[in-house]
Amino acid sequence: MKRAKAAPPQELDEEALLHRVARGDRAAFEELYRRTSPWLAVRLRRRCADEQLVAEVMQETYLAVWRAAGSFAGSRTVGVGVGGTGGTAVGWLWTIAARRLVDAFRRRAHHAEPPPAAAPHPVAPAAEEEALVTTVGGDVGDALRRLAPELRDVLQAMVLDGLSVRETAVVLGLPEGTVKTRARRARIAMREELA
């Protein structure tokens, strides 16, 4: 019986690429990196203005992906997909990157070097926000658009990115109490908008 030839990495979705990376497939890893690294870099830069730190977090993230791809194993982590595909795999990748960024901020704080100021919010809505509103849509999407930017940032970090209060505080450069207050205000505002 002849074995079927495996599909080239370019034809696979991100989840299938991760499964191949778990088996040590370098071509699959390179394709995963090619597809996700531009998106991941932009997303990290929105949370950190220090290019060197972003580069370090990117390197640590993909090293962790190479080493831990076997632990993904079809995980159903919720995340925002790249180009509408592979949401679970890309969500897993973003979770690793977000935690690496928090770790990098903690290392800096430990060495008495304050984290750089968060990147200023662009005037035009970010692609990430547009994707969120488009994905959520309807009344919820409208309510998200009307939410104050500082409340939306906290909601996004905690709900969409799955960060804890402490991690959100580090990433956004806010005290934990402020994060808790904004999260509560965001929930109340969303509830009122949707009532």
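One can find the structure itself at the top, above this paragraph.
Residues numbered from 1 in each chain as written. Predicted model: local features only at pLDDT ≥ 70, side-chain atom pairs only at ≥ 80, totals over all residues. Heavy atoms only, no water.

Engineer: Explain the nonpolar core to me, and be specific about the residues and the numbers.
Structural biologist: Leu18, Leu40, Leu44, Met58, Val65 and Leu101 are the most contacted members of the largest nonpolar core, which has 34 residues in total. Contributing elements (two or more residues each) for this core: α1 (14-22), α2 (26-45), α3 (51-72) and α4 (87-110). (Core = buried A, V, L, I, M, F, W, Y, C linked by side-chain atoms within 4.5 Å. Buried < 20%, exposed > 50% of the residue type's maximum accessible area, 1.4 Å probe, protein only. Helix = DSSP H or I, 4+ residues; strand = E, 2+ residues; numbered from the N terminus.)

Engineer: Mind laying out α1, listing which residues take part and the relevant values?
Structural biologist: Residue pairs three or four apart in sequence face the same way in an α-helix, which turns once every 3.6 residues. What α1 keeps buried is the set Glu14, Glu15, Leu17, Leu18, Arg20 and Val21. Gly24 sits one or two residues past α1 and shows a positive phi near 85 degrees.

Engineer: Give me the lowdown on the pattern of salt bridges, citing residues and values where you can.
Structural biologist: If you walk through the whole model with that rule in mind, you get 10 salt bridges. Glu14 is the partner of Arg35 in a salt bridge, and the nearest nitrogen-oxygen pair spans 3.7 Å. Here Glu14 lies in helix α1 and Arg35 lies in helix α2, a separation of 21 residues in the sequence. Considered together, Arg35 and Glu14 belong to a single accessibility category, that of buried residues. One salt bridge connects Arg34 with Glu31, and the closest N-O pair in it is separated by 2.6 Å. (Salt bridge = Lys/Arg side-chain N within 4 Å of Asp/Glu carboxyl O.)

Engineer: Could you give me a rundown of the packing of aromatic side chains, with the residues and numbers involved?
Structural biologist: All told, the structure shown has 4 aromatic pairs when counted by the stated rule. Both rings, one in Phe29 and one in Tyr62, keep their centres 6.3 Å apart while their planes meet at 80 degrees; by these two values the pair is edge-to-face. One end of the pair, Phe29, is in helix α2; the other, Tyr62, is in helix α3, with 33 residues separating them in the sequence. Among the aromatic residues, ring-to-ring pairing joins Phe29, Tyr33, Tyr62 and Trp66 into one connected group. (Phe/Tyr/Trp six-rings, centres within 6.5 Å; stacked < 30°, edge-to-face > 60°.)

Engineer: Account for the packing of α1 against α3, with residues named and values stated.
Structural biologist: It is the contact of α1 with α3, at a shortest axis distance of 7 Å, that shows an interaxial angle of 110 degrees. Judged by the angle between their axes, α1 and α3 are roughly perpendicular. Where α1 crosses over α3, the handedness of that crossing is left-handed. Between α1 and α3, the residues in contact are Glu15, Leu18, His19, Val21 and Ala22 and Val65, Trp66, Ala69, Gly70 and Phe72, respectively. Here the residues of the contact of α1 with α3 are counted per class, giving 7 nonpolar, 2 polar and 1 charged. (Axes fitted to C-alpha atoms, helices over the stretch in contact; angles between N-to-C directions. Parallel < 35°, antiparallel > 145°, perpendicular 65-115°, else oblique. Left-handed = near helix turned anticlockwise from the far one by under 90°. Contact = heavy atoms within 4.5 Å. Nonpolar A, V, L, I, M, F, W, Y, C, P; charged D, E, K, R; others polar.)

Engineer: So, the environment of Pro175: which residues are in play, and what are the values?
Structural biologist: With respect to the element layout, Pro175 can be found in the loop between α8 (165-172) and α9 (176-194). As a C-alpha pair, Pro175 and Val165 span 10 residues in sequence and 9.5 Å in three-dimensional space.

Engineer: So, the environment of Ala22: which residues are in play, and what are the values?
Structural biologist: Of note, Ala22 is situated in helix α1. Its relative accessible area of 41% is what places Ala22 among the partly exposed residues. Considered as a pair, Ala22 and Trp66 are 44 residues apart in the sequence and their alpha carbons are 7.2 Å apart. Those residues in contact with Ala22 that lie beyond four places of it in its chain are Ala69 and Gly70.

Engineer: Please set out the side chain of Thr168 residue by residue, giving values where relevant.
Structural biologist: By the secondary structure assignment, Thr168 is in helix α8. A relative accessible area of 0% places Thr168 in the buried class. If we skip the residues at most four places from it in the chain, Thr168 touches Ala157, Met158, Leu163, Gly173 and Val179.

Engineer: I'd like a description of the packing of helix α7 (residues 149-160) against α9, backed by residues and values.
Structural biologist: Across the interface, α7 lies against α9 with an axial gap of 9 Å and an inter-helix angle of 100 degrees. It follows that α7 is roughly perpendicular to α9 by the angle criterion. Touching Glu150, Leu151, Val154, Leu155 and Met158 of α7 are Val179, Arg182, Ala183, Arg185, Ala186 and Met190, all from α9. Taken together, the residues that form the contact of α7 with α9 break down as 8 nonpolar, no polar and 3 charged.

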